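# A look at the structure
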Amino acid sequence: MPELETCFTALYGYLLLRLQHKDVHPETLEAVKQINTYLSYLAEKYREEEEG
């Protein structure tokens with residue numbers, strides 16, 4: 001669970017930066033893309049598990 005909490009904290013921070021119209025470093029954008037890919041993968045696996 002700590003990994004998921006870290007992912008959500010990072011995404012929350014990214015969204016706050018966007019809402020405040022602050023610059024987002026390209027490395028941060030790359031990290032957010034990787035986090036998004038990871039969370040999408042986990043969501044897909046969760047759906048597969050729920051469907052049986």
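Note that this is a predicted model, so its numbers are computed, not measured.

Okay, helix H1 (residues 2–19) next. In a regular helix each residue adds 1.5 Å, so 18 residues correspond to 26 Å; H1 covers 26 Å between its end C-alpha atoms and thus fits that length. Where H1 is concerned, the buried positions are Cys 7, Leu 11 and Tyr 14. For H1, the buried positions fall inside an angular range of 60° around the axis, keeping them on one side. More than 90 degrees from the buried face of H1, the exposed residues found are Pro 2, Glu 5, Thr 6, Thr 9, Tyr 12 and Leu 19. Elements in contact with the buried residues of H1: helix H2 (26–51).

Reading the values: the criteria
- Residues numbered from 1 in each chain as written.
- Predicted model: local features only at pLDDT ≥ 70, side-chain atom pairs only at ≥ 80, totals over all residues.
- Heavy atoms only, no water.
- Helix = DSSP H or I, 4+ residues; strand = E, 2+ residues; numbered from the N terminus.
- Expected span 1.5 Å × (residues − 1).
- Buried < 20%, exposed > 50% of the residue type's maximum accessible area, 1.4 Å probe, protein only.
- Arc of directions from axis to C-beta.
- Contact = heavy atoms within 4.5 Å.

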